[in-house]
Amino acid sequence: MKYLVGFSRLFVGFLFIFSGFVKLNDPVGFTFKLEEYFSEAVLNLTFLLPYALGFALLVVVLEILLGVMLLLGFRIRFTLWSLFLMIVFFGFLTFYSAYFNKVTDCGCFGDAVNLSPWGSFTKDMVLLVFIVILILGKRFIKPIFGPNSRRVITALALVFCVLFAYHVLNHLPVIDYRPYKIGANIQEGMVMPEDAQKPVFEYAWKFNVNEEEEVVVTNGDYPSVDGEFIDVETTEIVKGYEPPIHDFTIEQEGVDYAPELLAEPKLMMIISYNLDNSDLEAFTALAQLIPKAKDKGYKVIGMSASSPEETAALIKKYNLDTEFYFTDETALKTVVRSNPGLLTLEKGTITQKVHFNDMDDLVF
């Protein structure tokens, strides 16, 4: 039991620290995930949407601190029961997501590790088992270092979390796990390999046969049944390959200009996924930056999911020498964790990406 508790302590402690850190690296991305959970279509807790960022920061900091405290053996009773309650809560969310197919990725490890809904739930159940082992074998968890050292280390971990969160919220994630990181080519990210796994579907055909409902399951072919067709239910039993970048368009009036714009030798994108949530003061500085970029040979475009009327009003108000294109809001949130944010590209390859606070760092 002693060695099992020792292994569980290390496994749970380091996993919670890792899970918390990858989300702390990108708290805005985790906020988007919580907003998805709070939405009307999932948990219908829309009154919590304004507090999503606060919840995100609280959860990730708590994950890291509990992991550190477990490894140190600091306030072990509080730590173990906090871990237990947290994993039960996460287990409920991941089960709900998997069973009802509401959220396809729990965001447990940010964008660093993508797990399927049932994979996320399984991970939480494994953690729950190890945490129960720790609770049952609490007597084997011995503190390391003295009490004052444990307090200091925990306090330093908290200070690190606060400073790190402040940095990434006012700039961009230190580590970019998304397919739009610097050096990535957007066109290549959208390519479907010839040997890619194709999705496999199962079809449940419902018929009325002699006043009774009969279900015939096939892999696609319409069955030969002597009865009246009622309905068909389609289930994806084998997930097909999905390119890292998908559903990415740059549209105007329903026409996708992405292929020609991504072929530009020099392109600067001004991205604001939603103008209602944008830091509008940044557009004053952007009005001065755009001519500088154009003087250096860059084609400058705006990209937003807001309406053409809203973008036209923005252009007029801030005298922006550019035009805006429509792109899906979720895609733009994935491209850059800043609203607005800026990218420079060379023939589709991202060369620079900055938060609006760091516009002066752009090199033309």
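This structure is a prediction, so every number in the text was calculated from the model and none was measured.

A. Spotlight on the overall build of the protein chain. Across its full length, the protein chain holds eleven helices and ten strands. Across its three principal directions, the C-alpha atoms of the protein chain cover 75 × 70 × 40 Å. The burial tally for the protein chain puts 45% of its 364 residues in the buried class. Of the contacts formed within the protein chain by residues at least 6 apart in sequence, a portion of 69% connects residues at least 24 apart.

B. Spotlight on a nonpolar patch on the surface. Together, Met1, Leu4, Val132 and Leu136 give the surface a local cluster of nonpolar side chains, amounting to about 360 Å² of exposed area. Here valine 132 shows up in helix α5 (residues 117-136).

C. Local environment of the sheet that holds strand β3 (residues 228-238). Sheet architecture is open: three strands sit in the order β2-β1-β3, paired in antiparallel fashion. Two strands lie at the open edges of the sheet, namely β2 (212-218) and β3, each paired on one side alone. Across this sheet, the average inter-strand angle for adjacent strands is 20 degrees, counted without regard to direction. Taken together, the nine bridges between strand β1 (residues 200-209) and β3 define a ladder with antiparallel strand orientation.

D. Spatial organisation of the pattern of salt bridges. For the structure on display, the rule yields nine salt bridges. Between aspartate 124 and lysine 123 there is a salt bridge whose closest N-O contact spans 2.7 Å. Per residue, the accessibility class of aspartate 124 equals that of lysine 123, and both read buried. Taking the shortest distance from any N to any O, the salt bridge between lysine 353 and aspartate 176 comes out at 2.7 Å. Of the two residues, lysine 353 sits in strand β10 (residues 349-355) while aspartate 176 sits in the loop between α6 (147-170) and α7 (186-189), which places them 177 residues apart along the sequence. Within this structure, Asp176, Arg178 and Lys353 form a network of salt bridges that share partners.

E. A look at a negative patch on the surface. On the surface, a cluster of negative charge is contributed by Glu211, Glu212, Glu214 and Glu228. Summarising the element assignment, glutamate 211 is placed in the loop between β1 and β2.

F. Broad picture of the nonpolar core. Grouped together as the largest cluster of nonpolar side chains are 38 residues, with contacts concentrated most on Val12, Phe16, Leu24, Leu70, Leu83 and Leu134. Secondary structure elements with two or more residues in this core: α1 (2-24), α2 (27-38), α3 (52-72), α4 (76-100), α5 and α6. The leading source of residues in this core is α3, at twelve residues. If we ignore the near neighbours within four places in the chain, the residues touching leucine 24 are Val60, Val61, Ile64, Cys161, Phe164, Ala165 and Val168. Phe32, Ile301, Val336 and Ile350 belong to the second largest nonpolar core, which has 23 residues in total.

G. Summary view of the packing of aromatic side chains. One pass over the structure, following the stated rule, counts 24 aromatic pairs. Taken together, a centroid distance of 5.9 Å and an interplanar angle of 70 degrees make the contact between phenylalanine 207 and phenylalanine 229 edge-to-face. Remark: phenylalanine 229 occurs in strand β3 and phenylalanine 207 occurs in strand β1; sequence separation between them is 22 residues. For phenylalanine 207, a relative accessible area of 1% puts it in the buried group. The class for phenylalanine 229 is partly exposed, based on a relative accessible area of 37%. Seen from their ring centres, tyrosine 257 and tyrosine 325 are 6.0 Å apart, and the 70 degrees between their planes marks the pair as edge-to-face. Pair noted here: tyrosine 257 is in the loop between β5 (255-256) and α8 (258-261) and tyrosine 325 is in strand β8 (residues 323-326), with a separation of 68 residues, a long-range link. Tyrosine 257 sits in the partly exposed class, given a relative accessible area of 26%. Under the relative-accessibility criterion, tyrosine 325 is labelled buried at 7%.

H. Up close: the pairing of β1. In this structure, β1 lies alongside β2, joined through seven bridges in antiparallel fashion. If you follow tryptophan 205 over to β2, its bridge partner there is valine 216. Between β1 and β2, which pair antiparallel in sequence order, lie two residues; one of them, asparagine 210, sits at a positive phi of approximately 55 degrees.

The rules behind each value
Residues numbered from 1 in each chain as written. Predicted model: local features only at pLDDT ≥ 70, side-chain atom pairs only at ≥ 80, totals over all residues. Heavy atoms only, no water. Helix = DSSP H or I, 4+ residues; strand = E, 2+ residues; numbered from the N terminus. Buried < 20%, exposed > 50% of the residue type's maximum accessible area, 1.4 Å probe, protein only. Contact = heavy atoms within 4.5 Å. Patch = residues over 30% accessible without salt bridge, like charges linked within 9 Å, V, L, I, M, F, W, Y side chains within 5 Å. Areas by Shrake-Rupley, 256 points an atom, 1.4 Å probe, with all protein chains shown as cover. Salt bridge = Lys/Arg side-chain N within 4 Å of Asp/Glu carboxyl O. Pairing = 2+ DSSP bridges. Axes fitted to C-alpha atoms, helices over the stretch in contact; angles between N-to-C directions. Lys, Arg positive; Asp, Glu negative; His and termini not counted. Charge placed at Lys NZ, Arg CZ, Asp CG, Glu CD. Core = buried A, V, L, I, M, F, W, Y, C linked by side-chain atoms within 4.5 Å. Phe/Tyr/Trp six-rings, centres within 6.5 Å; stacked < 30°, edge-to-face > 60°.

Everything listed here is a matter of geometry and, on its own, says nothing about what the molecule does.
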